[in-house]
Amino acid sequence: MDKKIGIQGIKGSFHHLVAMDYYHKDVSVLEHLSFHELARKLASGESNEAVMAIENSIAGSILPNYALIDEYNLSIVGEHYTPVNMNLMALEGQQIKDIKKVYSHPMALLQCKEFFKKHPHIKLIEDADTAEAAKRISEEGKKKVAAVASPAAAEMYGLEILAKEIHTIKSNATRFLILGTERQKPNGVKLDKASLKFDLSSDRGSLVSVLNILRDSFLNLTKIQSLPIIDEPWKYSFFVDVIFEKSEDFEKAVSVLKLMTEELKILGIYKNNLS
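Here the structure is a predicted model, which is why all the values come from computation and not from measurement.

**Focus: the pattern of salt bridges**
Then, in step 1: The tally for this structure, following the rule as stated, stands at 19 salt bridges.
Then, in step 2: A salt bridge links arginine 215 to aspartate 216, with the nearest nitrogen and oxygen atoms 3.0 Å apart.
Then, in step 3: What makes aspartate 216 partly exposed here is its relative accessible area of 45%.
Then, in step 4: Among the ionic pairs, lysine 235 bridges to glutamate 232, the shortest N-O distance being 3.5 Å.
Then, in step 5: Note on glutamate 232: relative accessible area 34%, which makes it partly exposed.
Then, in step 6: Each of the salt bridges in this network shares a partner with another, and the network as a whole consists of Glu55, Glu79, Arg175, Lys193, Lys223 and Asp241.

**Digging into the sheet that holds strand S9 (residues 145-149)**
Then, in step 1: The mixed open sheet is built from 5 strands, whose spatial order is S8-S7-S9-S6-S10. The open sheet terminates on both sides in strands that have one partner only, identified here as strand S8 (123-126) and strand S10 (160-163). Strand-to-strand twist in this sheet, taken as the mean axis angle between neighbours without regard to direction, amounts to 35 degrees.
Then, in step 2: Contacting strand S6 (87-90), strand S7 (101-104) and S9, helix H6 (residues 130-140) crosses the sheet at an angle of about 150 degrees to S9.

**With respect to the side chain of arginine 175**
Then, in step 1: Relative to the helices and strands, arginine 175 resides in strand S11 (residues 173-180).
Then, in step 2: A polar side-chain atom of arginine 175 sits 2.7 Å from a polar atom in the side chain of aspartate 241.
Then, in step 3: Separated by 3.0 Å, the side chains of arginine 175 and tyrosine 270 make a polar contact.
Then, in step 4: Apart from residues no more than four positions distant in its own chain, arginine 175 is found in contact with Met52, Ala53, Ile54, Glu55, Glu79, His80, Tyr81, Lys193, Ser195, Asp241 and Tyr270.

**Some details on empty space enclosed by the protein**
Then, in step 1: With the rule as written, the count across this model stands at 2 cavities of 30 Å³ or more.
Then, in step 2: Looking at the largest cavity, its volume works out to about 220 Å³.
Then, in step 3: If you trace the largest cavity, you find 18 residues lining it, with Phe14, His15, Ala53, His105 and Met107 closest to the centre.
Then, in step 4: It is helix H4 (residues 106-111) that provides the largest number of residues to the lining of the largest cavity, a total of 3 residues.
Then, in step 5: Partitioned by chemical class, the residues of the lining of the largest cavity number 9 nonpolar, 8 polar and 1 charged.
Then, in step 6: Considering only enclosed or pocket space, the second largest cavity measures out at about 70 Å³ in volume.
Then, in step 7: Taken together, Ile54, Tyr66, Ile69, Ile76, Arg175, Leu177, Ser195, Phe239, Val240, Asp241 and Leu267 form the lining of the second largest cavity.

**Considerations on the sheet that holds strand S15 (residues 263-270)**
Then, in step 1: If you walk across this open sheet you meet the 4 strands as S13-S14-S12-S15, and the pairing is antiparallel. Lying at the two open borders of the sheet, with one neighbouring strand each, are strand S13 (220-228) and S15. Strand-to-strand twist of the sheet, defined as the mean angle between neighbouring strand axes without regard to direction, takes the value 15 degrees.
Then, in step 2: As paired strands, strand S12 (residues 193-199) and strand S14 (residues 236-243) are joined by 7 bridges and run antiparallel to one another. Its bridge partner being in S14, aspartate 199 is matched across the sheet by serine 237.
Then, in step 3: Along the sheet, helix H3 (residues 63-71) makes contact with S12, S13, S14 and S15, crossing S13 at roughly 90 degrees.
Then, in step 4: Running at roughly 165 degrees to S15, helix H9 (residues 247-260) makes contact with S12, S14 and S15 of the sheet.

**Some words on the layout of surface pockets**
Unfilled space is identified by rolling a water-sized probe across the atoms.
Then, in step 1: Roughly 220 Å³ of internal volume is contained in the largest pocket.
Then, in step 2: Looking at the largest pocket, the residues that line it are Ala67, Asp70, Glu71, Lys197, Asp199, Leu227, Pro228, Ile229, Ile230, Ser237 and Phe239.
Then, in step 3: For the lining of the largest pocket, the secondary-structure elements that each account for two or more residues are H3, S12, S13 and S14.
Then, in step 4: The element that contributes the greatest number of residues to the lining of the largest pocket is H3, accounting for 3 residues.

Quick notes on the rules
- Residues numbered from 1 in each chain as written.
- Predicted model: local features only at pLDDT ≥ 70, side-chain atom pairs only at ≥ 80, totals over all residues.
- Heavy atoms only, no water.
- Salt bridge = Lys/Arg side-chain N within 4 Å of Asp/Glu carboxyl O.
- Buried < 20%, exposed > 50% of the residue type's maximum accessible area, 1.4 Å probe, protein only.
- Pairing = 2+ DSSP bridges.
- Helix = DSSP H or I, 4+ residues; strand = E, 2+ residues; numbered from the N terminus.
- Axes fitted to C-alpha atoms, helices over the stretch in contact; angles between N-to-C directions.
- Contact = heavy atoms within 4.5 Å.
- Polar contact = N/O pair within 3.5 Å; in protein donor to acceptor, adjacent residues only side chain to side chain.
- 1 Å grid on protein atoms, 1.4 Å probe; cavity = no way out; pocket = protein on both sides within 12 Å on 5 of 7 lines; lining within 4 Å.
- Points joined across faces, edges and corners; volume = space filled by probe spheres on them.
- Nonpolar A, V, L, I, M, F, W, Y, C, P; charged D, E, K, R; others polar.

Now the structure itself:
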């Protein structure tokens, strides 16, 4: 029986494209218009795994998603990097000068801000999903409005691309996490990357001490992100990604970090897929 994979957005969205690439083209997906719903439905068992964007090379990290992974005790079982190709699309027979409003996900609009600076007559409106905005324009036959989405969405919903590849940096890429509810098992695959969350005391140098442990344990820190602890003003949780050659090095570092941190949580151990 095929897995049911949760995605943020609908078919034709970038999450859908990643699911098809990571699993297979006929993957069974469950559509969710918010990341919160995506996490909740995965935690409740309605989906087997889920695809969640976590950072973009232009727009940066999607901070609330770190909190959702932690809140719902989700496990990172994989990652996928994909080029993101943003396009302006609308019903056929229109030109950019005709467009008054553009709908898309806020991260998509942020990635295209330089393009829209050249077209100040267009009002940008944040929407739940790139592909859903395209689908709505198609179904409602809306003129003078456009969406920013993938070429697949334009083809799927019968829209004409008015401007191709409008993202600011042409090497635009997004990192997606593959999430489950249980820790990934090696199954013959080398698991050489891990994501951790830890809380520290306010003692001077506490973060430096943790970073030194990672270095001394031969772990390569590839990402560090802080988020405020909601009920403890001016205290922060840290989310880090590390890669390692030997699992023994990682296990040794974890055993030491448990003694140095107020709370330590392994969010996932998985295969490093950054080529």
